[in-house]
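Structure assessment
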Amino acid sequence: MNGSVLQLDGVTKRFSGHTAVDALSLEVPKGGIFGLLGPNGAGKSTTIRMIMNIITPDEGRISVLGRGSASRELSDRIGFLPEERGLYKKMKVVDQLTFLGEAKGIRRAIARRKALAWLERLGLHDWTLKRVEDLSKGMQQKVQFIGALLHDPELLILDEPFSGLDPVNSQVMKDVVVEEARQGRTVLFSTHIMEQAERMCDRLVIIARGRVVVEGALADVKREFGGRHVALAFTRNADRAAKVLADRSLIEKVDDYGASAEVTLAPSGDADRLLRALVQEDVGLSRFEVVEASLQSIFIAKVGADAATAPAKEVVHA
Amino acid sequence: MRKVWAIIRREFVERVRTKAFILGTLLFPLFMGAMFILPGYLMSRSLGVKSVALVDATTSGLGAQVETAFRAARIGKGEKAKPRYDVTRVAAVGRANAVRDSLVPMTGLSRKEAGGFDGILVISDSTVPTGKAAYYGANVASFDDMQEMEGTIRPIIIARRLQTMGVDPAEVMKSVQGIDLVATKVADGKLTGESGAATFILAYAMGFMLYFALLLFGTQVMNSIIEEKNNRIVEVLASSLTPFQMMLGKVAGVGLVALFQIGIWASVATYLSTHQDKILAAFGVAAGAGGKMAFALPSMKPDLLFVFLLFFALGFLLFAAAYAAVGAMCNTTQEAGQLQMPVMMFVLAGFFSVFALVRDPNGTAAHVLTYVPMLTPFVVPMRYSIAPLPLPELLLSTGATVLGLIVVVWLAARIYRVGILSYGKKATLRDMLRWIRTA
């Protein structure tokens, strides 16, 4: 098993002319929380649907839990929260969950017991015997979330689990996801909300237009981007400061705000050299801080204008 | 298998709980009960004891004879049958009109309570040669009442006439006895004791039941798949079960609901027909009052029942799978309305072939259609009810149907597999063929 629960190898999927996923390769190690990040239309859901064998890739190989992509045989070991929530509106909450559990192959009585325990835990106890259609959207989402967890899967695949949730419910769900991961399960979740990913992920991949843009452990990704950004403020000799900041061997990019600036160091430059140069020019430094890049800024830096011009949402039509 | 069972259970339980199901299950027997109680009930009301004043202007004792005949008339049959008429004979030789006029004020519905009459019947000596008698009453518009009275009087008049001609009425009655062809079915050289009419009713009834079940429940399969597509439940299910399992569970679940509902209806119908007299009595309707309107279920022999259930099940599965495929190809029920046409055509063709073939159940057409899988569920039970098919023919036909079922389910499963996860535009015939090839 070499420690990975999920492997994608050169996976490609095209929909009537446009390539939704383009030779995507990634590996999800066992344990921890893995974030699949990207702007709208980047191919996140398509990727997840291929992993779930809902649609088949045109090219490439997918292996889940050490087997081929026929994850239906593994469905008992996988929990799946689809992007488009689907529940039987007329069913009672507890019946619905029992059914979802049964569909995953657990016994009816056990499914029911677990469903009740989960409903209690997520504060939906009073809604047990209500019909799904009487629940708010957020509550329905929690119900569906329980449906994905009910059978204690080894691998939890959540497509946009937090979309449409208020901060309080988001927090509740986040706690559950983190708790599940702590118990040794592997969680793969997709999102386009970077703050969430930043708080939860151990590892992540950012994809845009169906391709991997950034990949690795969160700490590594940040380290790689961190140390390249410096925030500074000076009190005098702004013209001399500007001269230093104009040095392309040292500085790659400047966000100049007059008396302060945020700069990105050039590959050949480093923070020490910049500090030395600025002290030498006597600019009266009031701030000099090597900032750790936020995932948001990494995301924007890497995906850039792509994010703003996401292609139209794909229509699955094989 | 446990997963499929979960689907079947869900389909069954959730469907049986709906208001539509409960209402349908209850209303149909009520309707059926009303159908057989009402005619008898209405008839027995109109058949209440008629109070008739018999104005007897005859000199030959004809009036007394008519009176006796009226007194002998009964409503219904058997010991408990009530008299039909309450006759009051008034001798009125030579003053018939005066007596009649004196009785008219006592006649009519409103007068009956006060010891009056429903009508006045005037007979005279001229009634025998002319065949005319006068009746004055409130119920003269009732064709049945008039016929009844004519029927009561007629034999007496005829007998009188014959007597005047010097012929023995008893001999004549014997000689004019009509001929009645008593049809009894012979099957395999044995008498069955079934009448011809019951056999035909049964043949139609079986065809109608399948037709009805397919229209009602086939479209339910289709619509619920469209619904599942729309609320994206299929994605969750598709990650847990194979499309084939999903389709199987759906079709079997809905099939059980159909069986359950039709079973309830059939039990109610059987109960009503076997306890007919008691139920009618409870409504104050005399047994047999309904006459020909009475409701009788043709009996089914165990072998016919087996053939019927077998072909019903095969037919239901075959068509339900086809409906499932149509559902998978559509996004809205409107689209489904068009796409289900080909399936509907086969259902209708099967249903109408019953009507066409029942006249010649052993003709060439009937023999050929016995091997056309989409039609056998209609044709075979119909043929079997009229004359049991030879075993080899029956086996061959069953084989053909099972083969057809496998082909249809295989095709439907492939269409279903791709279709359920395809949203957006309606699938075309070309899409369908591609799905079948690639799935």
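Residues numbered from 1 in each chain as written. Chains lettered and ligands numbered in written order. Predicted model: local features only at pLDDT ≥ 70, side-chain atom pairs only at ≥ 80, totals over all residues.

1. Concerning the overall build of chain A
Let me state the cut-off plainly: Only DSSP runs of H or I with at least four residues qualify as helices, and only runs of E with at least two residues qualify as strands; both kinds are numbered from the N terminus onward. Burial is judged by counting other C-beta atoms within 10 Å of a residue's own C-beta: 20 or more means buried, 12 or fewer means exposed, and anything between counts as partly exposed, with every C-beta placed from the backbone. In this description, any two residues whose backbone-derived C-beta atoms lie within 7 Å of each other are considered to be in contact.
Tallying secondary structure elements over chain A gives eleven helices and 13 strands in all. The buried share of chain A, taken over its 318 residues, is 40%. Look at the contacts in chain A between residues 6 or more apart in sequence, and 70% of them connect residues 24 or more apart.

2. Focus on the overall build of chain B
Looking only at helices and strands, one finds 19 helices and eight strands in chain B. Within chain B, buried positions represent 35% of all 439 residues. Considering only residue pairs separated by 6 or more positions, chain B has 73% of its internal contacts joining residues 24 or more positions apart.

3. Examining the interface of chain A and chain B
In this complex, chain A contributes 25 residues to the contact, which on the side of chain B involves 22 residues. The biggest single contributor to the side of chain A that touches chain B is helix α2 (residues 93–103) of chain A, with four residues.

4. Here we look at the sheet that holds strand β11 (residues 251–256) of chain A
Residue and element names in this part refer to chain A. Rules: Pairing between two strands is assigned when DSSP locates at least 2 bridges connecting them. Here an angle of 0 to 180 degrees is reported between the N-to-C directions of two axes, which are lines fitted to C-alpha atoms, with helices fitted over the stretch in contact.
Strand order in the open sheet formed by four strands is β11-β12-β10-β13, with antiparallel pairing between adjacent strands. Looking at strand neighbours, the two that pair on one side only are β11 and β13 (285–291), the edges of this open sheet. Taking the axes of each pair of neighbouring strands and ignoring which way they run, one obtains an average angle of 20° across the sheet. Pairing between strand β10 (residues 229–234) and β13: six bridges, direction antiparallel. Following the sheet pairing, L232 is matched in β13 by F288.

5. What about the nonpolar core?
Here is the rule we go by: Put simply, a nonpolar core is buried Ala, Val, Leu, Ile, Met, Phe, Trp, Tyr and Cys residues tied into one set by C-beta atoms within 7 Å.
Core analysis: the biggest nonpolar cluster contains 143 residues, and I157 of chain A together with A320, A321, A322, A324, A325 and A412 of chain B have the highest contact counts within it. Take this core: its biggest share by element is 17 residues, from helix α13 (residues 302–329) of chain B. The residues contacting A324 of chain B, other than those within four sequence positions of it, are V221, M222, I225, M247, K250, V251, A412 and Y416 of chain B. V52, L54, A92 and L103 of chain B belong to the second-largest nonpolar core, a separate cluster that totals 22 residues.

6. Overview of the environment of R228 of chain A
Residue and element names in this part refer to chain A. Looking at the secondary structure, you find R228 in the loop between α7 (218–225) and β10. The exposure class assigned to R228 is buried, which follows from the 21 C-beta atoms found within 10 Å. Beyond its immediate sequence surroundings of up to four residues, R228 is in contact with T264 and L265.

7. What about the packing of helix α15 (residues 341–357) of chain B against helix α17 (residues 376–386) of chain B?
When two helices pack together, their arrangement is given by the angle between the helix axes and the distance between those axes. Residues and elements named next belong to chain B. Definition in use: For this classification, under 35 degrees means roughly parallel, over 145 means roughly antiparallel, 65 to 115 means roughly perpendicular, and everything else is oblique. Take the far helix as the reference: if the near one is turned anticlockwise from it by less than a right angle, the crossing is left-handed, and if turned clockwise, right-handed. When residues are grouped by polarity, Ala, Val, Leu, Ile, Met, Phe, Trp, Tyr, Cys and Pro land in nonpolar, Asp, Glu, Lys and Arg in charged, and all others, Gly among them, in polar.
It is the contact of α15 with α17, at a shortest axis distance of 8 Å, that shows an interaxial angle of 30°. Judged by the angle between their axes, α15 and α17 are roughly parallel. With respect to the hand of their crossing, α15 and α17 are arranged in right-handed fashion. On α17, the residues touching G350, F351, S353, V354 and L357 of α15 are P377, F378, V379 and M382. Classifying every residue of the contact of α15 with α17 by side-chain character gives seven nonpolar, two polar and no charged.

8. As for the environment of M91 of chain A
Relative to the assigned elements, M91 of chain A resides in the loop between β5 (78–81) and α2. Separated by 38 residues in sequence, M91 of chain A and L129 of chain A place their C-alpha atoms 9.0 Å apart. In this view, M91 of chain A contacts Q96, R131 and V132 of chain A together with E14 of chain B; residues no more than four positions away in its chain are not counted.

9. What about the sheet that holds strand β2 (residues 18–29) of chain A?
Residues and elements named next belong to chain A. Reading across the sheet, the three strands line up as β2-β1-β4 and stay open at both edges, with antiparallel pairing between neighbours. Taken across any chain shown, the strands that pair with only one partner, and hence form the sheet edges, are β2 and β4 (59–64). Direction aside, neighbouring strands of the sheet carry axes that sit 15° apart on average. One ladder, built from eight bridges, connects strand β1 (residues 4–15) with β2; its direction is antiparallel. Note on β2: the bridge partner recorded for V11 is L24.

10. Description of the pairing of strand β1 (residues 50–57) of chain B
Residues and elements named next belong to chain B. In terms of residue burial, β1 counts as a mostly covered element, since seven of its eight residues are buried. Looking at chain direction, β1 and strand β4 (residues 85–91) are connected through seven bridges and run parallel. When the bridges of β4 are listed, S51 appears paired with D86. Relative to strand β5 (residues 119–124), β1 is paired through six bridges, and the arrangement is parallel. The residue of β5 that forms the bridge with V52 is G119.

11. Thoughts on helix α1 (residues 44–51) of chain A
An α-helical turn contains 3.6 residues, so any two residues separated by three or four positions project in the same direction. Among the eight residues in α1 of chain A, eight count as buried, and that is most of the element. Listing the buried residues of α1 of chain A in full gives K44, S45, T46, T47, I48, R49, M50 and I51 of chain A.

12. Details of unusual backbone geometry
Residues and elements named next belong to chain A. Positive phi is not limited to glycine here, since R209 has a value of about 50°. Residue position: R209 is located in the loop between β8 (203–208) and β9 (211–217). The exposure class assigned to R209 is buried, which follows from the 20 C-beta atoms found within 10 Å. Even without a glycine there, the phi angle at D282 is positive, about 55°. Position of D282 among the secondary structure elements: in the loop between α9 (271–280) and β13.

13. Looking at the environment of D125 of chain B
Residues and elements named next belong to chain B. With respect to the element layout, D125 can be found in the loop between β5 and α6 (127–130). Distance from D125 to S60, taken between C-alpha atoms, is 7.3 Å for residues 65 residues apart in sequence. Setting aside residues up to four positions removed in sequence, D125 forms contacts with T58, T59 and S60.

14. Description of the confidence of the model for chain A
This is how the line gets drawn: Each residue gets a pLDDT score, which is the predictor's confidence in that residue and runs from 0 to 100.
On average, chain A scores 84 in pLDDT, and the residues at 70 or more come to 93%. The low-confidence segment residues 307–318 of chain A (pLDDT under 50) makes 28 contacts with residues lying over four places distant or belonging to another chain.

15. Comments concerning the packing of helix α1 (residues 2–16) of chain B against helix α11 (residues 243–274) of chain B
All names here are of chain B. In contact at an axis separation of 8 Å, α1 and α11 are set at 40° when each is read in the N-to-C sense. Taken together, the axes of α1 and α11 are oblique relative to one another. When you trace α1 past α11, the crossing you get is right-handed. Note on element contacts: α11 touches α1 through Q245, M246, L248, G249, K250, A252, G253, V254, L256, V257 and F260, opposite K3, V4, I7, I8, E11, F12, R15 and V16. The class makeup of the residues in the contact of α1 with α11 is twelve nonpolar, three polar and four charged.

16. Overview of the confidence of the model for chain B
Residues and elements named next belong to chain B. Looking at chain B, pLDDT values average 81 and 83% of them are 70 or higher. Per-residue pLDDT, averaged within each element of chain B, yields its smallest value for strand β8 (residues 190–195) (59) and its largest for α1 (90). In the predicted complex, the global pTM is 0.70; the interface-specific ipTM is 0.72.

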